[in-house]
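In case you want the letters, here they are:
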Amino acid sequence: MVNEAPSGGLRPEGPVGRRNPMHALPGAGGRAGEWVHRGDRKSVQPRCLSLEKCSGYHYCGTMKFRAKIINKGFIELFIQVSVTIAKLTKVCVLRVCQDKLCFGPTGPRATREARLWCEVSRGAFYQFNMEGVSEELNEIYLELTSEHLPRAVRNAGNAASLKLQLTNKRRPCLTVVVELASRTGHTHVMVHDLPVRVLPRTWWKEYPEPNVQVSDVSVYLPGLRILKSIVERMANMGENVLVEANLNGKMNLSVETDVVSIKSYFKNLGNPPKSALSVTQDRDPETMVQVWVENRKLLQFFEGQQINPTMTLCNILSNTLLHLVLVHEDVSLQYFIPAL
Amino acid sequence: TAAMLKCEMNGSQVKVFGKAIQALSRVSDELWLDPSEKGLALRSMNSSRSAYGCVLFSPVFFQHYQWSTSMKMNDDDRPLNLNCKLGMKSILPIFRCLTSLERNVEKCKIFTRSDKCKVVIQFFCRHGIKRTHNVCFQESQPLQVIFEKNMCNNTLMIQPRLLAEAIVLFTSSQEEVTLAVTPLNVCLKSSSEESMDLTNSVYSEMSVDPDEFDFFQIGLDTEITFCFKELKGMLTFSEAVHVPISIHFDFPGKPMALSIDDMLLEANFILATLADDRSRASSPQSLCLSQTQKRSDLIQSNPKADKSGTSQAPECISRKTAPKRLYSRETPTNNSAGTCGNPPTRRANGASIFEVPESSLSDTDEGPGSPYLRKFSCMFFGAVSSDQQEHSNHPLDSLAIASDSEEDVINGSVSF
């Protein structure tokens, strides 16, 4: 709940709660009962989180987000997710949807840069309540410094519970509450207020969910540790690496310089079922689909990611895109590396 | 003959000794070895004079302990102590890998003499291996802080393991933390100074139940802000010696003490705390902390202290009027309530004594805005006055720990 004000009544309560009709502004485009007020913020509780203005009035939606994890495995997974995101992008956009949390990068989309997309589905949470900007646009977009999140949760490995909540404490915050049971029977509760910027609706189109393009080949990846060590060695040799795979479960990584070339051959990897792919055409399964990428970007991914996935695969769009996918229980991590 | 120190430890004692050095290394880069009849004191003070640490090992801690002052007298007709200052960079590496030292060292001997300019540390290890380190020292009189922790309104004692468990959740980026206490609640949180300056900083907060403390006495609801790093240093040490850690404090601006005390050793870290705005505004005489909010400026060794005459001098430790002092002192009669001038100087009387400086207004119970604060917001390191400067080569000479104590009364008014 944004700014749990003790005086109730003037604020919508609950997902379909009482609305105060006096504050509905017809034609404002919002739900009845949403707070609309003039520039004088003092007259209203809670404070406006939105950055939009609407004809002299602040359009103000009361957004709500509260989620709690009590399962130890999911807490550890969440810690891993937050560390991964911090390693792959400095500032991230957290998109709170009805059924999941999405983490993506911020900033203008530079086409040459690798991009991250991470989803944590509602299933990981013991409790998950959210109320977006409006009923039609039932989402919340928050921008925050990625590093703050793992710092707040990294010691929560033994926590009894981990709670995330959107709050308003002088400024909008993502409040992380870690509850640790101490040996004496007392619980230690640690509260971290992470400053966030609530992104207005007009900006949402800047942060779209990446659509998985049609790919030419899809193959399961070998063990990540092996891949990482090979990529690390190759990074010492050359800047660019060739990644290729075919429909017979084979994948090669190679790097080449004037002096030396190194190629690693992986076989028997298996391909995801064809029906799950959007394979463009029927081609000879032995044909390798290729893409050249910057080794640095590939390395950054392997060094950054912390999750121990149950499934990993990569999709290659010939000479265009290398798309890595990791899945573990309710978490999926995707990394899009454009071709050189 | 020269002043001398000679002591001997076994493997597990070396580990504790090394842990003390490591804890003191968090305070500053310099370490004083200061032997006396009370034992061997290791002292350290940071350059901004906002943190001071002292670990006193009693003679019974060692397998063997021997010390002496020199036969020579200094200008004040007192025997010269071993004034031995070592660089942390030299001594810390010797006491690294403490677990392996504990395992391998059968005996450790430390020996130094004031005329030798070096400290000899010898490890007699297993398999007949003997390792000798010679560390040069600088001759320098140890600095000391007098602080009577028993006079503090608030005292907390907690098992180090519990405190460590609780503060592990604190993110390490915070340099300063605020401890907020009421009789019902203890809360450790990010310093609001930091949080407000930077719009992108995280605010963290954690509560500890009063029941978790071995001793819990809060006489004054207060919030004090201090450097987290030093707390962690002391906490690590107290975990190593398995002794509960005590925290003594009062109002913001007054130094706080972290201490551990068992039969063999006593450790005290005195930290400056951030004074709050109110006190600064209301007491224009608190020069030493009025200029800036930064902790490092809380203690300003007065730049004019070296000059004689009308220079201002850091306040010295003044007379005590409270009956609960460790050592009774006569109160000079020329001090009267209502004046803050003419405080007598006081010499430190050994490492184990911590006396709180009190103003001549100490009889009145005043809050943080009082003149109380302006005197005690800094740590005061000795008596320097226009009279005394003629006698001392260095403004801090008067801090020398002498086995006998002296009282000097400043005749002129001392303002700071």
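Everything numeric in this text was worked out from a predicted model, so none of it was measured.

## Concerning the overall build of chain B
Phase 1 of the analysis: Of regular secondary structure, chain B possesses ten helices and 21 strands.
Phase 2 of the analysis: Residues counted as buried form 57% of the 416 residues belonging to chain B.
Phase 3 of the analysis: Long-range contacts, defined here as pairs at least 24 residues apart, represent 68% of the contacts in chain B between residues at least 6 apart.

## Quick look at the overall build of chain A
Phase 1 of the analysis: A count of helices and strands for chain A gives four helices and 21 strands.
Phase 2 of the analysis: Counting every position in chain A, which comprises 340 residues, the buried fraction comes to 54%.
Phase 3 of the analysis: When contacts within chain A are restricted to residue pairs at least 6 apart in sequence, those whose partners lie at least 24 apart make up 64%.
Phase 4 of the analysis: Of the roughly 16000 Å² that chain A leaves accessible, carbon and sulfur atoms contribute 50%.

## Let's talk about the confidence of the model for chain A
Phase 1 of the analysis: Scored by pLDDT, chain A has a mean of 79; 79% of the residues are at 70 or more.
Phase 2 of the analysis: In this model, residues 1–60 of chain A is a region of pLDDT below 50 whose contacts with residues beyond four sequence positions or in other chains number 112 contacts.

## Side note on the state of the cysteines
As used in these notes, a disulfide is a covalent bond between sulfur atoms, one from each of two cysteines.
Residues and elements named next belong to chain B.
Phase 1 of the analysis: One pass over the structure, following the stated rule, counts zero disulfides over all chains.
Phase 2 of the analysis: The thiol sulfur of Cys7 is not disulfide-bonded, and the nearest other cysteine sulfur, from Cys108, lies at 7.2 Å.
Phase 3 of the analysis: Take Cys7: its relative accessible area is 2%, and that puts it in the buried class.

## Description of the sheet that holds strand 10 (residues 138–139) of chain B
Residues and elements named next belong to chain B.
Phase 1 of the analysis: In space, the ten strands of this open sheet follow the order 10-6-2-3-4-19-18-17-11-15, with antiparallel pairing throughout. Looking along the sheet, the strands with just one partner apiece sit at the ends: strand 10 and strand 15 (215–218).
Phase 2 of the analysis: Across three bridges, strand 17 (residues 245–249) lies against strand 18 (residues 256–261) in antiparallel orientation. Looking across to strand 18, one finds that Ile247 is bridged to Leu258.

## Remarks on the packing of aromatic side chains
Phase 1 of the analysis: Tallied over the entire structure, the rule returns 13 aromatic pairs over all chains.
Phase 2 of the analysis: Here the guanidinium or amino end of Lys107(B) rests over the ring plane of Phe124(B), the centre of that ring lying 5.4 Å away.

## Digging into the nonpolar core
Phase 1 of the analysis: Core analysis: the biggest nonpolar cluster contains 162 residues, and Phe65(A), Phe95(B) and Phe237(B) have the highest contact counts within it.
Phase 2 of the analysis: Of the residues forming this core, the biggest block, nine residues, is contributed by helix 1 (residues 72–88) of chain A.
Phase 3 of the analysis: Setting aside anything within four residues of it in sequence, one finds Phe95(B) in contact with Val14(B), Phe17(B), Gly18(B), Ile21(B), Gln22(B), Leu101(B), Ile121(B) and Phe123(B).
Phase 4 of the analysis: In this structure, Trp32(B), Met45(B), Cys54(B) and Ile270(B) belong to the second largest nonpolar core, which totals twelve residues.

## Some thoughts on the interface of chain A and chain B
Phase 1 of the analysis: Taken together, the 22 residues of chain A in the interface contact 24 residues of chain B.
Phase 2 of the analysis: Counting the surface lost from both chain A and chain B, the interface buries some 2000 Å², and carbon and sulfur atoms represent 52% of this.
Phase 3 of the analysis: When the buried area of chain A at its contact with chain B is split by residue, His186(A), His188(A) and Met190(A) rank highest and sum to 28% of it.
Phase 4 of the analysis: One can count zero salt bridges joining chain A with chain B.
Phase 5 of the analysis: The interface formed by chain A and chain B includes five residue pairs in polar contact (both at pLDDT 80 or more).
Phase 6 of the analysis: Within the residue set of the side of chain A that touches chain B, elements represented by two or more residues are helix 2 (148–153), strand 11 (172–181) and strand 12 (187–195) of chain A.
Phase 7 of the analysis: In terms of strand pairing, strand 12 of chain A meets strand 14 (residues 203–208) of chain B through five bridges, oriented antiparallel. Paired with Met190(A) across the two strands is Met206(B), which belongs to strand 14 of chain B.

## Observations regarding the environment of Ser82(A)
All names here are of chain A.
Phase 1 of the analysis: Relative to the helices and strands, Ser82 resides in helix 1.
Phase 2 of the analysis: When the C-alpha positions of Ser82 and Pro150 are compared, they lie 5.0 Å apart, and in sequence the two are 68 residues distant.
Phase 3 of the analysis: In contact with Ser82, not counting residues within four places along its chain, are Leu149, Pro150 and Val153.

## Brief notes about helix 3 (residues 224–237) of chain A
All names here are of chain A.
Phase 1 of the analysis: Here helix 3 contains 14 residues, and its C-alpha end-to-end distance of 20 Å stays within 8% of the 20 Å for a straight helix at 1.5 Å per residue.
Phase 2 of the analysis: The set of residues buried in helix 3 consists of Leu224, Leu227, Ile230, Val231 and Met234. Seen end-on, helix 3 carries its buried residues on one side only, within an arc spanning 125 degrees. Across from the buried face of helix 3, at angles greater than 90 degrees, the exposed residues are Arg225, Arg233 and Asn236.
Phase 3 of the analysis: Contact partners of the buried residues in helix 3: strand 15 (240–245), strand 16 (251–256), strand 17 (261–266), helix 4 (295–304), strand 19 (311–317) and strand 20 (321–328).

## Some points on unusual backbone geometry
All names here are of chain B.
Phase 1 of the analysis: Located in the positive-phi region is Cys117, a residue other than glycine, with phi close to 55 degrees.
Phase 2 of the analysis: Summarising the element assignment, Cys117 is placed in the loop between strand 7 (105–113) and strand 8 (118–125).
Phase 3 of the analysis: A residue is classified by how much of its surface remains accessible, and Cys117, at 46% relative accessible area, is partly exposed.
Phase 4 of the analysis: Phi angles above zero are rare outside glycine, and His127 is one such case at about 65 degrees.

## Quick word on helix 6 (residues 228–241) of chain B
Residue and element names in this part refer to chain B.
Phase 1 of the analysis: The end-to-end C-alpha distance of helix 6, which contains 14 residues, comes to 20 Å, matching closely the 20 Å that a straight helix rising 1.5 Å per residue would cover.
Phase 2 of the analysis: Inspection of helix 6 places Phe228, Glu230, Leu231, Gly233, Met234, Leu235, Phe237, Ser238 and Val241 among the buried residues, and these make up the whole buried set.
Phase 3 of the analysis: His242 occupies a position one or two residues after helix 6 and carries a positive phi of about 55 degrees.

## Notes on the environment of Cys108(B)
Residue and element names in this part refer to chain B.
Phase 1 of the analysis: On the secondary structure map, Cys108 appears in strand 7.
Phase 2 of the analysis: The class of Cys108 is buried, set by a relative accessible area of 0%.
Phase 3 of the analysis: C-alpha separation for the pair Cys108 and Cys125, spaced 17 residues apart in sequence, amounts to 8.5 Å.
Phase 4 of the analysis: Residues contacting Cys108, with those up to four places away along its chain left out, are Cys7, Glu8, Met9, Val14, Ile121, Gln122 and Phe123.

## Digging into the sheet that holds strand 16 (residues 222–227) of chain B
Phase 1 of the analysis: In space, the nine strands of this open sheet follow the order 8(A)-4(A)-10(A)-11(A)-12(A)-14(B)-13(B)-12(B)-16(B), with antiparallel pairing throughout. Edge positions in the sheet fall to strand 8 (127–131) of chain A together with strand 16 of chain B, since each has one partner strand and no second. In this sheet, adjacent strand axes meet at a mean angle of 15 degrees when their direction is disregarded.
Phase 2 of the analysis: Contacting strand 11 and strand 12 of chain A together with strand 13 (185–190) and strand 14 of chain B, helix 4 (residues 160–167) of chain B crosses the sheet at an angle of about 150 degrees to strand 14 of chain B.
Phase 3 of the analysis: With respect to the sheet, helix 6 of chain B is in contact with strand 12 (176–182) and strand 16 of chain B, its orientation differing from that of strand 16 of chain B by roughly 80 degrees.

## Points about the pattern of salt bridges
Residues and elements named next belong to chain A.
Phase 1 of the analysis: Using the criterion set out here, one finds 22 salt bridges over all chains in the structure.
Phase 2 of the analysis: The shortest N-O distance in the salt bridge between Glu131 and Lys64 comes to 3.7 Å. Remark: Lys64 occurs in strand 4 (residues 64–69) and Glu131 occurs in strand 8; sequence separation between them is 67 residues.
Phase 3 of the analysis: Residue classification places Glu131 among the buried residues on the basis of a relative accessible area of 6%.
Phase 4 of the analysis: What emerges from the salt-bridge pattern is a single network uniting Arg95, Lys100, Glu119, Glu139 and Glu209.

## A short note on the confidence of the model for chain B
Phase 1 of the analysis: Residues of chain B with pLDDT of at least 70 account for 63%, and the chain-wide mean is 69.
Phase 2 of the analysis: For this predicted complex, the interface score ipTM comes out at 0.73, while the overall pTM is 0.68.

## Thoughts on the pairing of strand 16 of chain A
All names here are of chain A.
Phase 1 of the analysis: With five of its six residues buried, strand 16 lies for the most part within the structure.
Phase 2 of the analysis: Examined bridge by bridge, strand 15 and strand 16 share five bridges and lie antiparallel to one another. Residue Ala245 lies in a different strand from strand 16, and its bridge partner there is Met251.
Phase 3 of the analysis: Once strand 15 ends, the chain turns through five residues before running back antiparallel as strand 16, passing Gly249 with a positive phi of about 75 degrees.
Phase 4 of the analysis: Across six bridges, strand 16 lies against strand 17 in antiparallel orientation. In the strand pairing of strand 17, Leu253 is matched with Ser264.

Analysis parameters
Residues numbered from 1 in each chain as written. Chains lettered and ligands numbered in written order. Predicted model: local features only at pLDDT ≥ 70, side-chain atom pairs only at ≥ 80, totals over all residues. Heavy atoms only, no water. Helix = DSSP H or I, 4+ residues; strand = E, 2+ residues; numbered from the N terminus. Buried < 20%, exposed > 50% of the residue type's maximum accessible area, 1.4 Å probe, protein only. Contact = heavy atoms within 4.5 Å. Areas by Shrake-Rupley, 256 points an atom, 1.4 Å probe, with all protein chains shown as cover. pLDDT = per-residue confidence, 0-100. Disulfide = S-S within 2.5 Å. Pairing = 2+ DSSP bridges. Phe/Tyr/Trp six-rings, centres within 6.5 Å; stacked < 30°, edge-to-face > 60°. Lys NZ or Arg CZ within 6 Å of the ring centre and 35° of its normal. Core = buried A, V, L, I, M, F, W, Y, C linked by side-chain atoms within 4.5 Å. Buried area = accessible area lost by both parts, 1.4 Å probe. Salt bridge = Lys/Arg side-chain N within 4 Å of Asp/Glu carboxyl O. Polar contact = N/O pair within 3.5 Å; in protein donor to acceptor, adjacent residues only side chain to side chain. Expected span 1.5 Å × (residues − 1). Arc of directions from axis to C-beta. Axes fitted to C-alpha atoms, helices over the stretch in contact; angles between N-to-C directions.

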